[in-house]
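Tertiary structure, described
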Amino acid sequence: MKIERISEHIWSLKKWFIIPIHVWIVVEKDGVVLVDAGIGGMAKGIMSFIDKLGAGPLKAIVLTHGHSDHVGAVKQIVEQRPVPVYAHRIELPYMEGKLPYPRRKKAAQTIAAGIAKELEEHDGGELPVFGGLKPYLTPGHSPGHVVYYHEQDQVLLAGDLFTSKKGRLRQPMAMFTANMQEAIESSAIVRKLKPKPKRLEVCHGTPVMQPAEQMDGYLTKYSAAGGKAFTN
(Lines give C-alpha, C1' and ligand atoms only; values in the text may rest on other atoms or scores of the structure.)
Protein backbone atom coordinates (compact mmCIF):
# COMPACT_ATOMS: atom_id res chain seq x y z
CA MET A 1 0.00 0.00 0.00
CA LYS A 2 1.34 3.43 -0.96
CA ILE A 3 1.09 6.09 1.74
CA GLU A 4 1.41 9.81 1.04
CA ARG A 5 0.96 12.88 3.16
CA ILE A 6 -1.12 15.23 1.01
CA SER A 7 -1.64 18.15 3.42
CA GLU A 8 -0.98 19.15 7.01
CA HIS A 9 -3.77 16.98 8.41
CA ILE A 10 -4.48 14.40 5.68
CA TRP A 11 -2.79 11.23 4.50
CA SER A 12 -3.72 9.23 1.40
CA LEU A 13 -3.48 5.42 1.41
CA LYS A 14 -3.63 3.75 -2.00
CA LYS A 15 -3.85 0.13 -3.08
CA TRP A 16 -4.07 -1.16 -6.63
CA PHE A 17 -6.82 -3.66 -7.39
CA ILE A 18 -7.18 -3.48 -11.19
CA ILE A 19 -7.59 0.27 -10.63
CA PRO A 20 -6.24 2.49 -7.83
CA ILE A 21 -8.33 2.65 -4.66
CA HIS A 22 -7.73 5.50 -2.21
CA VAL A 23 -8.82 6.03 1.38
CA TRP A 24 -7.81 8.95 3.59
CA ILE A 25 -6.70 9.41 7.19
CA VAL A 26 -7.59 12.81 8.68
CA VAL A 27 -5.72 13.85 11.82
CA GLU A 28 -7.80 15.58 14.50
CA LYS A 29 -6.76 16.95 17.90
CA ASP A 30 -7.77 13.78 19.74
CA GLY A 31 -7.35 11.06 17.16
CA VAL A 32 -7.91 10.28 13.51
CA VAL A 33 -10.89 9.83 11.18
CA LEU A 34 -10.88 7.36 8.29
CA VAL A 35 -12.66 8.53 5.14
CA ASP A 36 -13.83 5.45 3.22
CA ALA A 37 -12.58 1.96 3.91
CA GLY A 38 -11.54 0.61 0.53
CA ILE A 39 -11.48 -3.14 0.00
CA GLY A 40 -11.06 -5.88 2.57
CA GLY A 41 -7.39 -6.35 1.81
CA MET A 42 -6.66 -2.81 3.03
CA ALA A 43 -7.82 -3.34 6.64
CA LYS A 44 -4.50 -4.49 8.06
CA GLY A 45 -2.53 -1.76 6.32
CA ILE A 46 -4.95 0.96 7.44
CA MET A 47 -4.78 -0.08 11.09
CA SER A 48 -1.01 -0.53 10.98
CA PHE A 49 -0.54 2.95 9.56
CA ILE A 50 -2.78 4.53 12.19
CA ASP A 51 -0.67 2.89 14.89
CA LYS A 52 2.61 4.02 13.32
CA LEU A 53 1.31 7.56 12.77
CA GLY A 54 0.99 8.08 16.50
CA ALA A 55 -1.67 10.77 16.15
CA GLY A 56 -4.12 9.07 18.51
CA PRO A 57 -6.75 6.37 18.14
CA LEU A 58 -9.18 5.85 15.31
CA LYS A 59 -12.27 7.86 16.29
CA ALA A 60 -14.68 7.17 13.43
CA ILE A 61 -15.11 6.01 9.85
CA VAL A 62 -17.05 8.28 7.50
CA LEU A 63 -18.17 6.97 4.11
CA THR A 64 -18.68 8.78 0.84
CA HIS A 65 -21.08 6.00 -0.17
CA GLY A 66 -21.73 2.30 0.22
CA HIS A 67 -20.25 0.63 -2.84
CA SER A 68 -18.14 -2.40 -2.01
CA ASP A 69 -14.80 -0.78 -2.85
CA HIS A 70 -15.50 1.92 -0.25
CA VAL A 71 -16.72 -0.22 2.65
CA GLY A 72 -14.74 -3.44 2.19
CA ALA A 73 -12.52 -3.06 5.25
CA VAL A 74 -15.23 -1.76 7.61
CA LYS A 75 -16.11 -5.13 9.14
CA GLN A 76 -12.52 -6.08 9.94
CA ILE A 77 -11.69 -2.67 11.35
CA VAL A 78 -14.72 -2.31 13.64
CA GLU A 79 -14.27 -5.86 14.94
CA GLN A 80 -10.86 -4.83 16.27
CA ARG A 81 -11.59 -1.17 16.93
CA PRO A 82 -15.26 -0.59 17.75
CA VAL A 83 -15.69 2.92 16.38
CA PRO A 84 -18.81 4.51 14.87
CA VAL A 85 -19.32 4.37 11.11
CA TYR A 86 -21.29 7.11 9.35
CA ALA A 87 -23.00 7.48 5.98
CA HIS A 88 -25.81 9.63 4.66
CA ARG A 89 -29.29 8.45 5.64
CA ILE A 90 -30.27 8.22 1.95
CA GLU A 91 -27.46 5.74 1.32
CA LEU A 92 -28.16 3.38 4.23
CA PRO A 93 -30.98 1.25 2.75
CA TYR A 94 -28.97 0.63 -0.41
CA MET A 95 -25.74 -0.38 1.32
CA GLU A 96 -27.62 -2.51 3.84
CA GLY A 97 -29.32 -4.44 1.03
CA LYS A 98 -32.85 -3.22 1.69
CA LEU A 99 -33.10 -1.52 -1.70
CA PRO A 100 -31.29 -2.21 -4.98
CA TYR A 101 -29.03 0.57 -6.14
CA PRO A 102 -30.52 2.36 -9.16
CA ARG A 103 -29.82 0.52 -12.41
CA ARG A 104 -29.28 -2.70 -10.45
CA LYS A 105 -31.84 -5.51 -10.62
CA LYS A 106 -31.21 -6.88 -7.15
CA ALA A 107 -30.39 -5.44 -3.76
CA ALA A 108 -26.91 -6.37 -2.51
CA GLN A 109 -25.71 -5.84 1.03
CA THR A 110 -22.25 -4.29 1.24
CA ILE A 111 -22.36 -3.61 4.97
CA ALA A 112 -24.42 -5.35 7.65
CA ALA A 113 -27.46 -3.51 8.95
CA GLY A 114 -26.84 -1.60 12.15
CA ILE A 115 -23.12 -1.01 11.64
CA ALA A 116 -23.45 2.41 9.99
CA LYS A 117 -25.22 5.38 11.51
CA GLU A 118 -26.75 8.40 9.81
CA LEU A 119 -24.61 11.49 9.50
CA GLU A 120 -26.12 14.23 11.63
CA GLU A 121 -28.44 16.41 9.57
CA HIS A 122 -29.92 19.82 10.31
CA ASP A 123 -33.38 20.93 9.22
CA GLY A 124 -33.26 21.55 5.50
CA GLY A 125 -30.75 18.77 4.92
CA GLU A 126 -27.53 20.61 5.79
CA LEU A 127 -24.81 18.34 7.12
CA PRO A 128 -22.88 19.93 10.01
CA VAL A 129 -19.11 19.86 10.33
CA PHE A 130 -17.68 16.50 11.40
CA GLY A 131 -14.44 17.29 13.21
CA GLY A 132 -12.31 19.07 10.63
CA LEU A 133 -14.48 17.88 7.74
CA LYS A 134 -17.56 19.51 6.22
CA PRO A 135 -19.81 16.94 4.46
CA TYR A 136 -21.92 17.81 1.41
CA LEU A 137 -24.56 15.61 -0.19
CA THR A 138 -23.60 15.07 -3.84
CA PRO A 139 -26.00 12.47 -5.28
CA GLY A 140 -25.68 10.87 -8.68
CA HIS A 141 -22.97 8.26 -8.52
CA SER A 142 -25.09 6.79 -5.74
CA PRO A 143 -28.28 8.20 -4.16
CA GLY A 144 -26.61 9.27 -0.93
CA HIS A 145 -23.08 10.07 -2.10
CA VAL A 146 -21.25 12.56 0.13
CA VAL A 147 -18.02 14.51 -0.29
CA TYR A 148 -15.94 15.82 2.63
CA TYR A 149 -14.17 19.17 2.57
CA HIS A 150 -11.30 19.94 4.93
CA GLU A 151 -11.59 23.73 4.99
CA GLN A 152 -8.36 24.36 6.90
CA ASP A 153 -6.24 22.35 4.44
CA GLN A 154 -8.47 23.23 1.47
CA VAL A 155 -8.63 19.59 0.38
CA LEU A 156 -11.81 18.07 -1.03
CA LEU A 157 -12.15 14.31 -0.54
CA ALA A 158 -14.53 13.62 -3.40
CA GLY A 159 -14.95 9.84 -3.36
CA ASP A 160 -16.50 8.84 -6.69
CA LEU A 161 -18.00 12.22 -7.60
CA PHE A 162 -15.28 12.27 -10.27
CA THR A 163 -12.52 10.12 -11.63
CA SER A 164 -9.32 11.76 -12.85
CA LYS A 165 -6.29 11.16 -15.01
CA LYS A 166 -3.02 13.09 -15.07
CA GLY A 167 -4.56 15.78 -12.90
CA ARG A 168 -7.61 16.33 -15.12
CA LEU A 169 -11.19 15.84 -13.93
CA ARG A 170 -13.22 13.09 -15.59
CA GLN A 171 -16.75 11.91 -15.01
CA PRO A 172 -17.40 9.01 -12.62
CA MET A 173 -17.40 5.49 -14.02
CA ALA A 174 -20.58 5.14 -16.06
CA MET A 175 -20.97 1.43 -15.35
CA PHE A 176 -21.33 2.06 -11.62
CA THR A 177 -23.06 5.45 -11.63
CA ALA A 178 -26.76 5.52 -10.81
CA ASN A 179 -27.59 8.84 -12.50
CA MET A 180 -24.81 10.45 -14.50
CA GLN A 181 -26.58 13.73 -15.14
CA GLU A 182 -27.29 14.13 -11.42
CA ALA A 183 -23.64 13.36 -10.65
CA ILE A 184 -22.51 16.05 -13.08
CA GLU A 185 -24.92 18.53 -11.50
CA SER A 186 -23.54 17.64 -8.06
CA SER A 187 -20.02 18.42 -9.26
CA ALA A 188 -20.89 22.11 -9.10
CA ILE A 189 -20.16 21.89 -5.35
CA VAL A 190 -16.50 22.47 -6.26
CA ARG A 191 -17.22 26.05 -7.30
CA LYS A 192 -19.45 26.76 -4.31
CA LEU A 193 -16.89 25.91 -1.65
CA LYS A 194 -15.22 28.76 0.18
CA PRO A 195 -12.31 28.94 0.33
CA LYS A 196 -11.87 27.22 -3.01
CA PRO A 197 -10.18 23.81 -2.82
CA LYS A 198 -6.48 23.75 -3.56
CA ARG A 199 -6.58 20.00 -4.04
CA LEU A 200 -9.24 17.44 -4.94
CA GLU A 201 -8.82 13.74 -4.21
CA VAL A 202 -10.78 10.92 -5.84
CA CYS A 203 -10.94 7.24 -5.02
CA HIS A 204 -9.97 6.19 -8.54
CA GLY A 205 -7.43 8.48 -10.12
CA THR A 206 -4.81 11.12 -9.49
CA PRO A 207 -4.96 14.33 -7.44
CA VAL A 208 -6.41 17.43 -9.09
CA MET A 209 -4.92 20.80 -8.17
CA GLN A 210 -7.06 23.96 -8.22
CA PRO A 211 -10.10 21.94 -9.41
CA ALA A 212 -12.43 24.96 -9.63
CA GLU A 213 -10.38 26.17 -12.59
CA GLN A 214 -11.40 23.05 -14.53
CA MET A 215 -15.12 23.18 -13.82
CA ASP A 216 -16.23 25.20 -16.84
CA GLY A 217 -14.50 22.77 -19.18
CA TYR A 218 -15.71 19.77 -17.22
CA LEU A 219 -19.36 20.82 -17.33
CA THR A 220 -19.18 21.81 -20.99
CA LYS A 221 -17.70 18.42 -21.89
CA TYR A 222 -19.88 16.16 -19.78
CA SER A 223 -23.19 17.90 -19.19
CA ALA A 224 -26.05 17.27 -21.58
CA ALA A 225 -26.89 20.94 -21.02
CA GLY A 226 -23.45 22.01 -22.19
CA GLY A 227 -22.72 23.41 -18.74
CA LYS A 228 -25.24 26.23 -19.16
CA ALA A 229 -27.42 25.06 -16.29
CA PHE A 230 -24.53 25.13 -13.85
CA THR A 231 -22.84 28.49 -14.39
CA ASN A 232 -24.10 30.21 -11.22
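Use the structure listed above.
Residues numbered from 1 in each chain as written. Predicted model: local features only at pLDDT ≥ 70, side-chain atom pairs only at ≥ 80, totals over all residues. Heavy atoms only, no water.

Glancing now at the overall build of the protein. Each helix and strand counted, the protein has seven helices and 14 strands in total. Relative to the compact-globule value of 17 Å for 232 residues, the protein shows a C-alpha radius of gyration of 17 Å, a close match. Across its three principal axes, the protein shows a C-alpha extent of roughly 50 × 40 × 40 Å. When each of the 232 residues of the protein is scored for burial, the buried share is 53%. By sequence separation, contacts in the protein at least 24 residues apart represent 60% of the contacts at least 6 residues apart. (Helix = DSSP H or I, 4+ residues; strand = E, 2+ residues; numbered from the N terminus. Rg over C-alpha atoms; globule rule 2.2 N^0.38 Å. Buried < 20%, exposed > 50% of the residue type's maximum accessible area, 1.4 Å probe, protein only. Contact = heavy atoms within 4.5 Å.)

Here we come to the sheet that holds strand β9 (residues 146–150). The mixed open sheet is built from five strands, whose spatial order is β8-β9-β10-β13-β14. The open sheet is flanked by β8 (133–137) and β14 (208–209), the only strands paired with a single partner. Where strand β13 (residues 199–201) and β14 come together, two bridges link them in antiparallel fashion. The residue of β14 that forms the bridge with Arg199 is Met209. (Pairing = 2+ DSSP bridges.)

Glancing now at the pattern of salt bridges. The final tally for this structure, using the stated rule, is nine salt bridges. Taking the shortest distance from any N to any O, the salt bridge between Arg81 and Asp51 comes out at 2.8 Å. Remark: Asp51 occurs in helix α1 (residues 43–53) and Arg81 occurs in the loop between α3 (74–80) and β6 (85–87); sequence separation between them is 30 residues. Residues Glu201 and Arg199 are paired through a salt bridge, measuring 2.8 Å at the closest nitrogen-oxygen approach. What makes Glu201 buried here is its relative accessible area of 3%. (Salt bridge = Lys/Arg side-chain N within 4 Å of Asp/Glu carboxyl O.)

Within the secondary structure, His145 sits in the loop between β8 and β9. Overall, the relative accessible area of 0% leaves His145 in the buried class. Reaching out from His145, the side chain makes a polar contact with the backbone nitrogen of Asp160 at a distance of 3.1 Å. When neighbours within four sequence positions are excluded, His145 is seen to be in contact with Thr64, His65, Glu91, Tyr136, Leu137, Thr138, Pro139, Ala158, Gly159, Asp160 and Leu161. (Polar contact = N/O pair within 3.5 Å; in protein donor to acceptor, adjacent residues only side chain to side chain.)

Moving on, we come to the packing of aromatic side chains. Both the distance between ring centres and the angle between the ring planes are used here to describe each pair of aromatic rings. In this structure the tally under the stated criterion is five aromatic pairs. Geometrically, the ring pair formed by Phe162 and Tyr218 is edge-to-face, given 5.1 Å between the ring centres and 70° between the ring planes. Of this pair, Phe162 sits in the loop between β10 (155–157) and β11 (163–165) while Tyr218 sits in helix α7 (residues 215–222), placing them 56 residues apart in sequence. Sitting above the plane of the Tyr136 ring, Lys134 keeps its charged end 5.6 Å from the centroid. (Phe/Tyr/Trp six-rings, centres within 6.5 Å; stacked < 30°, edge-to-face > 60°. Lys NZ or Arg CZ within 6 Å of the ring centre and 35° of its normal.)

Moving on: unusual backbone geometry. Residues Lys194 and Pro195 are joined by a peptide bond in cis, for which omega reads -5°. Position of Pro195 relative to the elements: it lies in the loop between α6 (189–192) and β13. One non-glycine residue with positive phi stands out, namely Gln154, at about 55°. Mapped onto the elements of the fold, Gln154 is located in the loop between β9 and β10. Assessed through its relative accessible area of 17%, Gln154 is described here as buried. With a phi close to 50°, Lys166 is a non-glycine residue in the positive phi region. Relative to the helices and strands, Lys166 is located in the loop between β11 and β12 (168–170).

What follows covers the nonpolar core. With 34 residues, the main nonpolar core has Ile25, Leu34, Ile46, Ile61, Ile77 and Met95 as its most contacted residues. Of all the secondary structure elements, the ones that give two or more residues to this core are β2 (10–17), β3 (19–28), β4 (31–35), α1, β5 (58–62), α3, β6 and α4 (92–95). With five residues, the top contributor of residues to this core is α1. Not counting residues within four places of it along the chain, the set of residues in contact with Ile46 comprises Met1, Leu13, Val23, Ile25, Leu34, Ala37 and Ile77. In this structure, Val147, Leu161, Met180 and Tyr222 belong to the second largest nonpolar core, which totals 19 residues. (Core = buried A, V, L, I, M, F, W, Y, C linked by side-chain atoms within 4.5 Å.)

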